[in-house]
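# Commentary on secondary and tertiary structure
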Amino acid sequence: MTAIAATSGAALADGEVNVYSYRQPELIQPLVDAFTKETGITANVLFLDKGLVERISAEGANSPADVILTVDIGRLVEAKDGGVTQPLENEIINKDIPAQYRDPAGEWFGLTTRGRVVYASKERVPETAITYEELADPKWKGRICMRDGQHSYNIGLFASMVAHHGAEYTEKWLTGLKNNLARKPDGNDRSQAKAIMAGECDISLGNTYYVGLMMTNEKDPEEKEWAAATKILFPNAADRGTHVNISGMALAKHAPNKDNAVKFMEFLSSGKAQEIYAEQVFEYPVLPGAKVSDVVASFGEIKPDTLPLVDIAANRKTASELVDKVGLNDGPTN
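This report concerns the structure included in the present document. Treat the numbers as computed from the prediction; the structure is a model and nothing was measured.

Moving on, we come to the environment of P104. Here P104 is to be found in the loop between α5 (91-96) and β4 (109-121). Under the relative-accessibility criterion, P104 is labelled exposed at 69%. Along the chain, P104 and E89 lie 15 residues apart, while their C-alpha atoms are 9.9 Å from each other.

Set out below in structure tokens:
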């Protein structure tokens, strides 16, 4: 991690771009290295695990931030609504990134996608296909586990259900999902795979990239066993497609190195950069035709839901309210 000097002189130095990132430094370092090698521009990365929008707001017009990197449509919209981004109309980026994965006003752009899929026990789940709607079917009673219903990954999925079916349907669906839980929502996506291997539940919701991270985890080989015990089912593959969320970028409002920031963003939207990124984080490039990693390819084909992410973002508040209304985080009641 490279610290960013707070003085305006450092922020305005020739040949630099300052990146504020919610993504772990090791995940984006290969991108930074490739960009510097190609352009000669030094990319300074400041990693923050929380409070990114608040920090940039507090820094005001003197903020050294040029580019914001983050995950989840919710955080990108938070940055836009927080007034720390500025619109960018750029032919190169708009050509590389499909319209459904960028803000119509140009204030954020998706770079990679991750599917919100179903992890299923290889031993106990013979099904090879599933839909999100089916998760409320009583046949799954006592067989589903999941992380906190208010987590941004789940809220994104639930917001997509609202967008597709409306709030009334989604409330009933969430009630059915709650009744099918094996336990109160808890842990992260990886721990759901662990619970499946342990026989505590048969299916769970999880992001695709966690499977890649578990499959290749040399530091904690136990996670390889969790991944090996599960299979990925891509919900709604036969109809509208699987819900996807994004990692993305935005041009900071006061970007002192705007020209270099735009060059960095153009680089990130390129096929070369997206393939590096996708290989590193086990996600899918948004650029049509860009290659996925061999690990991700082993999951099978994903058919992404074509619902524009702005439609999902618009329903996140409703989704969050419904989670509380049905008491999803209280776990099963019968």
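To continue, consider the pairing of strand β2 (residues 42-47). Counted residue by residue, β2 has five buried out of six residues, so it is predominantly covered. One ladder, built from six bridges, connects strand β1 (residues 16-21) with β2; its direction is parallel. What sits directly across from V17, in β2, is A43. Crossover connection from β1 via helix α2 (residues 25-39) to parallel β2: handedness right-handed.

Their axes nearest at 8 Å, the elements helix α6 (residues 152-165) and helix α15 (residues 316-326) cross at an angle of 105 degrees. The orientation of α6 with respect to α15, classified from their angle, is roughly perpendicular. Between α6 and α15, the contacting residues are S152, I155, G156, F158, A159 and V162 on the first element and R316, T318, A319, S320, L322 and V323 on the second. When grouped by side-chain class, the residues that make up the contact of α6 with α15 number seven nonpolar, four polar and one charged.

Procedures and definitions
- Residues numbered from 1 in each chain as written.
- Predicted model: local features only at pLDDT ≥ 70, side-chain atom pairs only at ≥ 80, totals over all residues.
- Heavy atoms only, no water.
- Helix = DSSP H or I, 4+ residues; strand = E, 2+ residues; numbered from the N terminus.
- Buried < 20%, exposed > 50% of the residue type's maximum accessible area, 1.4 Å probe, protein only.
- Pairing = 2+ DSSP bridges.
- Right-handed = clockwise from strand over helix to strand, strands pointing away.
- Axes fitted to C-alpha atoms, helices over the stretch in contact; angles between N-to-C directions.
- Parallel < 35°, antiparallel > 145°, perpendicular 65-115°, else oblique.
- Contact = heavy atoms within 4.5 Å.
- Nonpolar A, V, L, I, M, F, W, Y, C, P; charged D, E, K, R; others polar.

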